[in-house]
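Analysis of the macromolecular model
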Amino acid sequence: MEIKVKILRFNPETDKRPHYQTFRVEAEPTDRVLDLLEKIKGYQDGSLAFRRSCAHGICGSDAMRINGMNRLACKTLVKDLSKGTITVEPLLGLSLIKDLIVDMDPFFEHYESVMPYLVNDEPPPLKERLQSPEERERFDDTTKCILCAACTTSCPSFWSNGRYVGPAAIVNAHRFIFDSRDRAGAERLRILSDQFGVYRCHTIFNCTLACPREIQITKAIGEIKRAIATGSLD
Amino acid sequence: MRNRTVPQPAMSFEYIMWMFTRISGLALLFLGAVSLVMAFVMGARELLDMPTLARWTFFPNPNHVVNSKIPDVTQGWANAYWQIMQIVIAFFGISHGLNGLRVIIEDYIGNTIWQPMLRGLIFLVWLFFTIMAVFVILAS
């Protein structure tokens, strides 16, 4: 079947502002939106710019707005979208570089600000730092993050103020704060209780809806708010 | 799983106001329910329209309930208990609402030069409404 794909294009060398361009593509219902973009780039317009890497929903490179919702192009099937035109636009809240490519630097700066790595200065045991299955389960959900930025760029608080650390950074802080082997929970909670930390989250739930890994993001943010209020990491 | 705790971060202004929003929201519901129930206990039976119910709930004050046909309205409502009750409701209501406005404004402006100016303006508005509310309650 033939599908119309309407893409928001922007070439910083020639365009003053972004504009839509519509392509007609032959597609199967089981094709992914990424396949459509590859067909357009390969056979119709080689100048189309978008990020992709693994194409299997793991690397998080190809998050974009598809029919108004943040999704991974490699996980979105044509048959799951409403019939007619498929609209593809870049993520909101980050500055546009070209076509579907946005500047991810602010996103990763916020990610780095929450110390997304294990901190433990205690002498390592002979074999490994042991953890019970229950302790591992405590932060299992937030280990699934692939840093695609679908959550942060769906958040109205982030749209209105780019200094807010955003849901993705909080999710990755959660992954270490609730890790029984980590010792920097207090430091991360201090960072997140700042003016641009968790209190800019107004539980809008866009992040939870947008997450392609189905992480319960708003719940994780709520758990961090509770940890700040009680000091308990259970 | 052993209990893990960390020292709580020093109380930031954002944390205090976030906690205040929750406590004041719950307090407003509780105080409003008390006012409404007490209006019925005192014999309010007529004019059960929405504005009247809202006045009974959030403005337990003889000026506001005089048309509710509560017998002996001035004896029922015009005493220190209801004056304190209404001052507390007004304080929580004004603070809760204006803090919400502050949060919305700061969502957009962040900590630019506008932040201290608008915070100051909201504080002055808060002070004005609080003083006016206390004056009206005590003078009525």
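Cut-offs and rules
Residues numbered from 1 in each chain as written. Chains lettered and ligands numbered in written order. Predicted model: local features only at pLDDT ≥ 70, side-chain atom pairs only at ≥ 80, totals over all residues. Heavy atoms only, no water. Helix = DSSP H or I, 4+ residues; strand = E, 2+ residues; numbered from the N terminus. Buried < 20%, exposed > 50% of the residue type's maximum accessible area, 1.4 Å probe, protein only. Contact = heavy atoms within 4.5 Å. Disulfide = S-S within 2.5 Å. Buried area = accessible area lost by both parts, 1.4 Å probe. Salt bridge = Lys/Arg side-chain N within 4 Å of Asp/Glu carboxyl O. Polar contact = N/O pair within 3.5 Å; in protein donor to acceptor, adjacent residues only side chain to side chain. Nonpolar A, V, L, I, M, F, W, Y, C, P; charged D, E, K, R; others polar. Pairing = 2+ DSSP bridges. Axes fitted to C-alpha atoms, helices over the stretch in contact; angles between N-to-C directions. Domains from an automatic or database assignment.

Section: the overall build of chain B
Secondary structure summary: chain B contains six helices and zero strands in total. Listing every helix and strand of chain B by position from the N terminus yields α-α-α-α-α-α. Burial status across chain B gives 36% buried among its 140 residues. Taking the intrachain contacts of chain B between residues at least 6 apart in sequence as the baseline, contacts between residues at least 24 apart amount to 64%.

With respect to the state of the cysteines
Residue and element names in this part refer to chain A. Applying the stated criterion across every chain, the model contains zero disulfides over all chains. The closest cysteine sulfur to the non-disulfide-bonded Cys145 is located on Cys151, 6.1 Å from its own sulfur. Relative accessible area serves as the criterion here: at 22%, Cys145 is assigned to the partly exposed category. Free of any disulfide, Cys155 has its nearest neighbouring cysteine sulfur in Cys207, separated by 6.5 Å. What makes Cys155 buried here is its relative accessible area of 10%.

Here we look at the interface of chain A and chain B
Between chain A and chain B, the residue contacts involve 30 residues of the former and 23 residues of the latter. Of the roughly 2,300 Å² buried between chain A and chain B on both sides combined, carbon and sulfur atoms contribute 52%. In this assembly, chain A and chain B are joined by two salt bridges. The closest approach of N and O atoms between Asp107 of chain B and Arg200 of chain A, which form a salt bridge, is 2.6 Å. Remark: the boundary between chain A and chain B carries 13 residue pairs in polar contact (both at pLDDT 80 or more). Elements supplying a minimum of two residues to the side of chain A that touches chain B: helix H3 (133–137), helix H6 (185–192) and helix H8 (217–230) of chain A. Each residue belonging to the side of chain A that touches chain B can be placed in one class, and the counts come to nine nonpolar, 10 polar and 11 charged.

Remarks on the sheet that holds strand S5 (residues 85–89) of chain A
Two strands in a sheet stick together by hydrogen bonds in their backbones, pointing the same way (parallel) or opposite ways (antiparallel). All names here are of chain A. On the basis of which strands lie adjacent, the open sheet formed by five strands has the order S2-S1-S5-S3-S4 and mixed pairing. For this open sheet the edge positions go to strand S2 (19–26) and strand S4 (69–72), each flanked by a neighbour on one side alone. Each neighbouring strand pair of the sheet contributes to a mean axis angle of 35 degrees, computed without reference to strand direction. Across two bridges, the pairing between strand S3 (residues 63–66) and S5 is antiparallel. By the bridge assignment for S5, Arg65 is matched with Glu89. Strand contacts of helix H1 (residues 33–44): strand S1 (2–9), S2, S3 and S5, with the helix running at about 95 degrees to S2, the strand carrying the most contacts.

Points about the domain arrangement of chain A
All names here are of chain A. Parsing chain A into structural domains produces domain 1 (2–102) and domain 2 (105–230). The junction of domain 1 with domain 2 conceals about 1,000 Å² of combined surface from both sides, 64% of it contributed by carbon and sulfur atoms. Among the residues of domain 1 in contact with domain 2, Asn70, Leu92 and Leu94 are the three that bury the most area, contributing 42% of the side total. Summed over the shared surface of domain 1 and domain 2, the number is zero salt bridges. There are three residue pairs in polar contact (both at pLDDT 80 or more) connecting domain 1 and domain 2. For the side of domain 1 that touches domain 2, the element with the most residues is S4, which contributes three residues. Here the residues of the side of domain 1 that touches domain 2 sort into eight nonpolar, four polar and one charged.

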